[in-house]
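Remarks on the overall topology
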Amino acid sequence: MDKDVLIVGCGLCGSVIARELAEKGLQVQIWERRNHIGGNMYDYTDEHGILVQKYGPHAFHTKEKYLCEYICHYGEWHPYKLTCGAMFDNKYTPTPFNFTTIDTFYPKESATKLKEKLLNAFEGQSTATVLEVLQHPDPDIRGYAEFLFQKDYAPYTAKQWGISLSEIDPSVLKRVPLRFSYDEGYFDDPYQEMPVNSFDAFFKSLLDHPNISIKLEQDALEFLTVSSSGTELFLDGKSISFPVIYTGTLDELFGCCAGRLPYRSLRFDWKYEEKESLQEVPVVAYPQAPGYTRITEYKKLPYQDVRGTSYAVEYPLPYQLEQETEPYYPVLTEESKQQYMVYRGMAEKIPNLIPCGRLADFQYYDMDQALKRALEVLDSLQI
Ligand SMILES: Cc1cc2nc3c(=O)[nH]c(=O)nc-3n(C[C@H](O)[C@H](O)[C@H](O)COP(=O)(O)OP(=O)(O)OC[C@H]3O[C@@H](n4cnc5c(N)ncnc54)[C@H](O)[C@@H]3O)c2cc1C
């Protein structure tokens, strides 16, 4: 290869690193196994003229101004607050659950009493985690969290992770907020943005540099191997010493020699209807529905003035390499974390291999975390 650096994967991490290295004057080659750039943030206009996101709904949000500024430097962005909801017992409520939820599911008098109790019990707080509310001594307050746990969180989590209801530990709710107001909006972060045109336009702008070349439908693992000593990378059977930034799964790179890392995958059932609107907000969870967890209606993410509506029904399923499923969410258990550390140890023995990104790090990253990680890796590079 006549380039200075090889980057495996053209998602956010690979693309940010490519751009920064290109700005430094390095010649960068990206190999992407899919037929498009953008990784899981990829979007496109479907046959009905509606911009849809192929791998599920994405909205950028962060607490860090510099990350927001970085992303907004490429392509056009505008502030956008994602709103989400849930449907159960045939009723719709915004999520995170708020006072509208209480008004929807409780008779008027009990609703008023419960809201007052919550405001008193959590005075000065606009939110608390569901776990905190579940552990509250007041039976009415605790009962509210138990109701939500049974109707929503437990059945949703069971489907999402493919486990039985009895296996669900309420500690999974330690970061899930409940609001003590009528405020809506899925995220609380101060910076929330969406591309004006598309994520694809953002990536085109980010990758638009004469020092970057991209090969699509190029699976690095067909060319890239690890030497039998485990200390070198080979390309087409020859040892290479230039840096390889690797954003794919680490177990695959090492031939799954320490077993497969577990991931949860998703199947999207795409539908179109000649109606103005399908559901109240772009993303709605259906905890009681058979098999699927949520539906994303893309004309509302953000609003598009188009006829009809395209939506994706999301079915979680296990990830299996040979069944053309995609690894979306790492299944993080003590065992899988240890297994990952075995692969990480192997990667550390190869000086020019730099793992980065949600797959190579075996972490769930939001976009801002993936961006932050890419910038940190760049800082640590000796090139
Ligand atoms: C359903 C869903 C919804 C999400 N919603 C949000 C949201 O609303 N807000 C938010 O902030 N974040 C969201 N995220 C997270 C977001 O998608 C990630 O943070 C981001 O895409 C991570 O970028 P990455 O570069 O690490 O990985 P990826 O986007 O997965 O990029 C890795 C790329 O490497 C390629 N690759 C892998 N192996 C090889 C190989 N052997 N050869 C060549 N190429 C290879 C892959 O094809 C892929 O394109 C969501 C994620 C999912 C799954």
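The model shown is predicted, which means the values in this text are computed figures rather than measured ones.

Quick notes on the packing of aromatic side chains
Using the criterion set out here, one finds 28 aromatic pairs in the structure. Ring centres of F122 and F180 lie 4.9 Å apart, and the angle between their planes is 20 degrees; on these two criteria the pair is classed as stacked. Separated by 58 residues along the polypeptide, F122 in the loop between α4 (108–121) and β9 (127–129) and F180 in the loop between β10 (177–179) and β11 (191–195) bring together distant segments of the chain. One aromatic cluster is present, built from ring pairs that chain together F88, F97, F105, Y106, Y144, F147 and Y153. Its guanidinium or amino end placed over the ring of Y55, R34 lies 4.0 Å from that ring's centre, counting from NZ or CZ. Its end group placed over the ring of Y315, R267 keeps NZ or CZ at 4.3 Å from the ring centre.

Quick word on the nonpolar core
In this structure, L12, V16, I17 and F202 are the most contacted members of the largest nonpolar core, which totals 58 residues. Listed by contribution, the elements that provide at least two residues to this core are β1 (5–8), α1 (12–23), β2 (28–31), α2 (65–72), α7 (199–206), β17 (263–273) and α10 (367–380). Here this core spans two domains, and each of domain 1 (5–77 + 194–262 + 330–380) and domain 3 (263–321) adds at least three residues to it. For I17, the contacting residues outside a window of four places in its chain are I7, I245, C356, A374, V377 and L378. Judged by nonpolar contacts, the second largest core, of 29 residues, contains A111, V130, Y156 and I168.

Remarks on the pairing of strand β7 (residues 84–88)
The element β7 is largely enclosed, with a buried count of 4 among its 5 residues. As paired elements, β7 and strand β8 (residues 91–95) share 5 bridges and run antiparallel to each other. When the bridges of β8 are listed, C84 appears paired with T95. Counting the residues between successive antiparallel strands, the hairpin from β7 to β8 contains 2 residues, one of them, D89, with a positive phi of roughly 50 degrees. Pairing analysis gives 3 bridges linking β7 to strand β18 (residues 283–285), with the strands arranged parallel. Note that in β18 the partner of G85 across the bridge is V284.

Some remarks on the pattern of salt bridges
All chains considered together, the criterion is met by 23 salt bridges. Across the pair R33 and E252 runs a salt bridge, and its minimum N-O distance is 3.2 Å. Here E252 lies in helix α8 (residues 250–253) and R33 lies in the loop between β2 and β3 (43–45), a separation of 219 residues in the sequence. Among the residues examined, E252 registers a relative accessible area of 17% and is labelled buried.

Thoughts on the domain arrangement of the protein chain
For the protein chain, the domain assignment lists domain 1 (5–77 + 194–262 + 330–380), domain 2 (84–179) and domain 3 (263–321). Here the C-alpha centroids of domain 1 and domain 2 sit 36 Å apart.

Structural notes on the site of the ligand
Surveying the vicinity of the ligand reveals 34 residues, the closest of which are E32, H58, R358, Y365 and M367. With respect to the ligand, the backbone of C13 contributes an N or O atom lying 3.0 Å from an oxygen atom. The separation between a nitrogen atom of the ligand and a polar side-chain atom of Y364 is 3.2 Å. For the ligand, the accessible surface in isolation is 1,000 Å², of which the surrounding protein chains cover 97%. Of all the elements in the fold, those that place two or more residues in the shell around the ligand are α1 and α10. Per-class residue counts for the shell around the ligand are 17 nonpolar, 10 polar and 7 charged.

Quick look at the environment of T95
Checked against the element boundaries, T95 lands in strand β8. Placed 92 residues apart in sequence, T95 and F187 show a C-alpha to C-alpha distance of 9.8 Å. With near-sequence residues (within four places) excluded, T95 lies in contact with C84, G85, A86, G185 and Y186. Polar side-chain contacts of T95 include one of 3.3 Å to the backbone nitrogen of G85.

Considering the sheet that holds strand β13 (residues 224–226)
Sheet architecture is open: 3 strands sit in the order β13-β14-β15, paired in antiparallel fashion. Where the open sheet ends on each side, the last strands, each with one partner, are β13 and β15 (238–240). Averaged over all pairs of adjacent strands, the angle between their axes in this sheet comes to 45 degrees, without regard to strand direction. Note that β13 and strand β14 (residues 233–235) share 3 bridges and pair antiparallel.

Side note on helix α9 (residues 334–348)
In an α-helix, one turn spans 3.6 residues; hence positions three or four apart end up facing the same way. The terminal C-alpha atoms of α9 lie 21 Å apart, and with 15 residues this matches the ideal 21 Å at 1.5 Å per residue to within 8%. Buried within α9 we find S336, Q339, Y340, Y343, R344 and A347. Down the axis of α9, the sector holding all buried residues measures 150 degrees, keeping them to one side. Facing away from the buried surface of α9 by more than 90 degrees, the exposed residues are E334, E335, Q338, M341 and E348. Looking at the buried positions of α9, the neighbouring elements they touch are α8, β22 (353–355) and α10.

Section: the pairing of β2
The side-chain alternation of β2 yields two buried faces, one formed by V28 and I30 and the other by Q29 and W31. Remark: the β1/α1/β2 crossover connection has right-handed handedness. Bridge count between β2 and strand β12 (residues 212–215): 4 bridges; the pairing is parallel. Bridge pairing in β12 places W31 opposite K215.

Each value, and the rule that gives it
- Residues numbered from 1 in each chain as written.
- Predicted model: local features only at pLDDT ≥ 70, side-chain atom pairs only at ≥ 80, totals over all residues.
- Heavy atoms only, no water.
- Phe/Tyr/Trp six-rings, centres within 6.5 Å; stacked < 30°, edge-to-face > 60°.
- Helix = DSSP H or I, 4+ residues; strand = E, 2+ residues; numbered from the N terminus.
- Lys NZ or Arg CZ within 6 Å of the ring centre and 35° of its normal.
- Core = buried A, V, L, I, M, F, W, Y, C linked by side-chain atoms within 4.5 Å.
- Buried < 20%, exposed > 50% of the residue type's maximum accessible area, 1.4 Å probe, protein only.
- Domains from an automatic or database assignment.
- Contact = heavy atoms within 4.5 Å.
- Pairing = 2+ DSSP bridges.
- Salt bridge = Lys/Arg side-chain N within 4 Å of Asp/Glu carboxyl O.
- Near = heavy atom within 4 Å.
- Polar contact = N/O pair within 3.5 Å; in protein donor to acceptor, adjacent residues only side chain to side chain.
- Areas by Shrake-Rupley, 256 points an atom, 1.4 Å probe, with all protein chains shown as cover.
- Nonpolar A, V, L, I, M, F, W, Y, C, P; charged D, E, K, R; others polar.
- Axes fitted to C-alpha atoms, helices over the stretch in contact; angles between N-to-C directions.
- Expected span 1.5 Å × (residues − 1).
- Arc of directions from axis to C-beta.
- Right-handed = clockwise from strand over helix to strand, strands pointing away.

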